[in-house]
Number of protein chains: 4
Amino acid sequence: MATREAALADPAVDAVLIASSTDTHAELIEAAARAGKAIFCEKPIDLDRHRVEACLATVATAGVKLMVGFNRRFDPNFAKLRTALAAGRVGRLEMLAITSRDPSPPPLAYIKVSGGLFRDMMIHDFDMARFLLAEEPVEILASASCLVDAAIGAAGDVDSAVVTLKTASGVLCQISNSRRTSYGYDQRIEAHGSLGTLRAGNVAEGTLEFADADGIVGEKPLHFFLERYAEAYRIELDRLITAVESGAELPTTGDDALRALVLADASLESVRTGRAVKV
Amino acid sequence: MATREAALADPAVDAVLIASSTDTHAELIEAAARAGKAIFCEKPIDLDRHRVEACLATVATAGVKLMVGFNRRFDPNFAKLRTALAAGRVGRLEMLAITSRDPSPPPLAYIKVSGGLFRDMMIHDFDMARFLLAEEPVEILASASCLVDAAIGAAGDVDSAVVTLKTASGVLCQISNSRRTSYGYDQRIEAHGSLGTLRAGNVAEGTLEFADADGIVGEKPLHFFLERYAEAYRIELDRLITAVESGAELPTTGDDALRALVLADASLESVRTGRAVKV
Amino acid sequence: MATREAALADPAVDAVLIASSTDTHAELIEAAARAGKAIFCEKPIDLDRHRVEACLATVATAGVKLMVGFNRRFDPNFAKLRTALAAGRVGRLEMLAITSRDPSPPPLAYIKVSGGLFRDMMIHDFDMARFLLAEEPVEILASASCLVDAAIGAAGDVDSAVVTLKTASGVLCQISNSRRTSYGYDQRIEAHGSLGTLRAGNVAEGTLEFADADGIVGEKPLHFFLERYAEAYRIELDRLITAVESGAELPTTGDDALRALVLADASLESVRTGRAVKV
Amino acid sequence: MATREAALADPAVDAVLIASSTDTHAELIEAAARAGKAIFCEKPIDLDRHRVEACLATVATAGVKLMVGFNRRFDPNFAKLRTALAAGRVGRLEMLAITSRDPSPPPLAYIKVSGGLFRDMMIHDFDMARFLLAEEPVEILASASCLVDAAIGAAGDVDSAVVTLKTASGVLCQISNSRRTSYGYDQRIEAHGSLGTLRAGNVAEGTLEFADADGIVGEKPLHFFLERYAEAYRIELDRLITAVESGAELPTTGDDALRALVLADASLESVRTGRAVKV
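Residues numbered from 1 in each chain as written. Chains lettered and ligands numbered in written order. Predicted model: local features only at pLDDT ≥ 70, side-chain atom pairs only at ≥ 80, totals over all residues.

1. Some points on the interface of chain A and chain C
The interface of chain A with chain C comprises 27 residues on the first partner and 27 residues on the second. For the side of chain A that touches chain C, the secondary-structure elements that each account for two or more residues are strand S4 (93–101), strand S5 (137–145), strand S6 (160–167) and strand S7 (172–178) of chain A. Split into classes, the residues belonging to the side of chain A that touches chain C amount to 10 nonpolar, 14 polar and three charged. (Contact = placed C-beta atoms within 7 Å. Helix = DSSP H or I, 4+ residues; strand = E, 2+ residues; numbered from the N terminus. Nonpolar A, V, L, I, M, F, W, Y, C, P; charged D, E, K, R; others polar.)

Given below as structure tokens:
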């Protein structure tokens, strides 16, 4: 297998995919940028906002493309929801609600280096909010608890959190995160507007339904992100390749990664100070 | 309490409601008809077609109104379905499917005097088919089994039966009956047409849903006819009273009772002969 | 019709129902209390917390029963949800989400004397939160906008608002209110716990479903509170009568009214100050 | 590209996939069988029962494996339903209902050589019935109409048909076929048993739901067999390859093809004679 240097030096390589551990992302992005490669990097670029800004400056100087892995944007249901919003199906969007719960917490060792729930988990929901709202959030209110596992609290993190975002025009967005469900991966969005309301529900494991004296039992949601977002990952890579080959615009950029991180940092500050934080 | 004679002789009595056992219906209808009263009678008028015809002749001679208790026509969901069909929402109706299952069989003593599943239970579905089809069935194919309780078979009846009706223009209607479910009263209709398909689902006991590792459990259907058709019974009586007071046309007549019985008799003949029976 | 004085002086009157305009509630309660009558009063007792406290002191001195009209507690679906929570079906409750949207705003004249969205509309959701959480909220974060009708904003009120409540043990509750939907009355609750999640969905106008090339269309929710809570109002009165006749405990009290008002006032303060407010 | 003779002579070829037009199937199967290859053939083997029997005799003599393409057996929802039936989840199976409707009729040219609705379309449902019932049907009652397109009738075929199958123990199975829907491919199964009822619903294009004054609109079913059974086709080939490589038993055989054809022929006879046909 080629070494990293050999790969970056190889003129046959058009693009680099970075899916290593978070602490290596920024440095790998910079190396690839200097080598003139198009770059795909899994989120986050870095847990530190200043490090992200420095990395993005390097990318800008190199003039290369950088796509960040916000996989959920490519989920067919969420993508359809956004297309419908953009087409005005709900009229003016007024309220957004994002529910996002994992089936179970990651290992404690991962929690400790993850940057915490807001930077590691809710960052996806911040990106989704930005993807669906037609404008940037300007204010954030956060509240959080450790309810699932006391060890997570002992490690300085939370496992249950809710956030309210508000945009300049007053659109309100509620996000709800938990590190644990009893029924699988819970990924739902509701967009309430002046002319109608759109909901993207969970994707079930199947359509089987069983009826008896205990009720009507339907199948539960797909278990976790690998199952739920399998198709999204495929589409994400297709979009990367198309953009690199055709020169088309990338669907996500380093700026998206930075802005989601800013919202995560603001959430932490809101939890700490008990105040609405302006962003 | 007034005796029957006193009640029928009382000029303050405009209408008579007959909800006694089946073997008394025809005679009570005739007495009330001769007394010049408007009549509501629970189905069936009689289990014997010739007795029904004689009774209806008496009613016709007396010139009184007779409404027969096909309660399901007044169920708000089924009534809405029919209104939508009449308004052309599905275009031309092509196929109809009626599912009708009781939570549990009646007592064997009742089974023995009931006239059998086709005359006692499926008669409601024959009436519903006639209510929804824009034309009369002309051919019937039936198949039946005793699967729920062997004692029902020993009593000469069946507990599971399916029927296909066909109209002159070729519309096909499937009916499915069982004397037993594990989940309550199953009362569903699907009307498939050239421009769309309408379905009236079961009415659940509530909207509560519980999610855990076993799936997503919704509430089961209302238990039996008293729960499911409570509103229908209320509307049915309102319609009777309105018709008697205003002189408006009755929503059901003795002829409806006769035609449903003819379909029940034809089903029995089809089961016995293994042939399509013309009606 | 008896005058108020005659009614209160009549020993045959056991209980008084107050359903007049809000500004008359406290004074009527006090008069009835002094007359020794059991009292049912529609919420709110008064828009001013101190006036409510004074009124409740009079009721306490008189030693009469006071039930406050939080109708939603008697909705069969929400009542079942609470019973299931109390029975431990979801294990430990961790997160609660209450969605509550009206089909359309009330007249502006009503808005102006209503006390505002938090005291007039969300007060029902505060009561529902208290009804379902096993402990009192201790902290509240609110955010609000005027998105539906600028005239509501001009009148000093909001029409869209979201709130996060937190209990002493860290349970998080999100509430979402809007004065307008395109599809009727939206009244849903989700209770997420360690062992499972319960959801009480909307009650639809019926079960009819229509399928064609545009999708599968189901019926929308019951239009507004009179339709949705018809059964709840009936049960509410039954509970009042039973309590008065049997001496049983009332399902709601003046204290419930006061506590919900305190949460409404705290929401207003949170919106004004941009801070989490302790209660 | 290799000629057919070269391919069949090539010792590196283990198995042959036949997906050509129906009139070539039997002859190609026989050639492959004589060459000692394992064979996968799309249904039907032939439209004539005697030709199928002759072909299967050749396969038997050659001692090769023959799998027939009843793709729906490999649909994950239907496969799960069968597993649940076999595990006794519904107790004793009593009634089966199979709804199978195409979005639109095939070209008339295809209709004319298709063998007709029963042999071309309902044959899949006959196989599904055999797959799910624990015993063979012994009696069949069929009724059919031309409602969708008069040209189909002019070509001697029908486009709407319903069938009732009965097994030796009395289990009743209803099948409903139409060549046209307004909403896509309709593929549903309901299995009603003594202890519960299982339903496999349609697979929708997505989870998006839109609510406004017209109702709650969900997404329609996947359009046709290529979309709905994409995963089934993949699994079907996996099962073939596994069976050829490991020597494991094939999931479908030539006998399944023959038995489904016998049921199709019996349906035609029932329509023609108006009688229940024993099989």
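2. Quick word on the sheet that holds strand S2 (residues 38–42) of chain D
Residue and element names in this part refer to chain D. Read across the open sheet, the three strands follow the order S1-S2-S3; overall the sheet is parallel. Each of the sheet's edge strands pairs with one partner strand only, and the pair in question is strand S1 (15–18) and strand S3 (66–69). Neighbour-to-neighbour, the strand axes of this sheet turn through a mean angle of 15°, independent of strand direction. Of the pairings in the sheet, the one linking S1 to S2 comprises four bridges and is parallel in character. Within the sheet, the bridge partner assigned to Ile-18 lies in S2 and is Cys-41. In the packing of helix H2 (residues 22–34) onto the sheet, contacts are made with S1, S2 and S3, and the angle to S2 comes to roughly 170°. (Pairing = 2+ DSSP bridges. Axes fitted to C-alpha atoms, helices over the stretch in contact; angles between N-to-C directions.)

3. Re the domain arrangement of chain A
Residue and element names in this part refer to chain A. For chain A, the assigned domains are domain 1 (4–69) and domain 2 (71–278). Computed over C-alpha atoms, the centres of domain 1 and domain 2 are 25 Å apart. The interface of domain 1 with domain 2 comprises 18 residues on the first partner and 19 residues on the second. Top contributing element to the side of domain 1 that touches domain 2 by residue count: helix H3 (residues 49–62), with five residues. Residue classes in the side of domain 1 that touches domain 2 are distributed as 12 nonpolar, one polar and five charged. (Domains from an automatic or database assignment.)

4. Here we look at the nonpolar core
Ranked by size, the top nonpolar core spans 150 residues in total, and within it Ile29(A) and Ile29(C) carry the most contacts. Those residues in contact with Ile29(A) that sit more than four places away from it in its chain are Ile18(A), Ile39(A), Cys41(A), Ile45(A), Cys55(A), Val59(A) and Leu66(A). In terms of nonpolar packing, the next biggest core, distinct from the first, is built from 149 residues, Ile152(B), Ala260(B), Leu132(D) and Val171(D) among them. (Core = buried A, V, L, I, M, F, W, Y, C linked by C-beta atoms within 7 Å. Buried ≥ 20, exposed ≤ 12 C-beta atoms within 10 Å, placed from the backbone.)

5. Examining the relation of the copies chain C and chain D
One copy of the chain maps onto the second through a rotation about an axis and a displacement along it. Each copy of the sequence occupies a distinct position, and chain C is placed on chain D by a rotation of 180° and an axial shift of 0.0 Å, giving an RMSD of 0.0 Å. Expressed as an axis order, the relation between the two copies is that of a two-fold axis. When C-alpha distances to the rotation axis are compared across chain C, the minimum falls at Val217(C), with a value of 2.1 Å. Looking at chain C, 100% of its interface residues are interface residues in chain D too, so the copies touch through the same face. (Least-squares fit on C-alpha atoms with pLDDT ≥ 70 in both.)

6. Here we look at the interface of chain C and chain D
Size of an interface, as often reported, equals the accessible area lost when the parts are brought together. On the side of chain D, 12 residues touch chain C, which itself brings 12 residues to the contact. Looking at the side of chain C that touches chain D, the elements that each hand over two or more residues are strand S10 (208–212) and strand S11 (215–218) of chain C. No other element matches the four residues that S11(C) contributes to the side of chain C that touches chain D. In terms of residue class, the side of chain C that touches chain D is made up of five nonpolar, three polar and four charged. As paired strands, S11(C) and strand S11 (residues 215–218) of chain D are joined by three bridges and run antiparallel to one another. Among the inter-strand pairings, Val217(C) is bridged to a residue of S11(D), identified as Val217(D).

7. Thoughts on the relation of the copies chain A and chain C
At an RMSD of 0.0 Å, chain A and chain C line up after a rotation of 180° and a shift of 0.0 Å along the axis. When the interface residues of chain A are mapped onto chain C, 100% of them are again interface residues, pointing to one common binding face.

8. Some thoughts on helix H11 (residues 254–273) of chain C
Three- or four-residue spacings in an α-helix give side chains the same orientation, since the helix completes a turn every 3.6 residues. For H11(C), which comprises 20 residues, the first-to-last C-alpha distance of 29 Å matches the rise-based estimate of 28 Å (1.5 Å per residue) to within 8%. Following H11(C) by one or two positions, Gly274(C) has its phi on the positive side, about 65°. (Expected span 1.5 Å × (residues − 1).)

9. Considering the sheet that holds strand S2 (residues 38–42) of chain A
Residues and elements named next belong to chain A. Spatial strand order, S1-S2-S3: three strands in an open sheet with parallel pairing. Across the chains shown, the open sheet's two edge strands, defined by having one partner strand only, are strand S1 (15–18) and strand S3 (66–69). In this sheet, neighbouring strand axes are inclined to one another by 15° on average, regardless of whether the strands run parallel or antiparallel.

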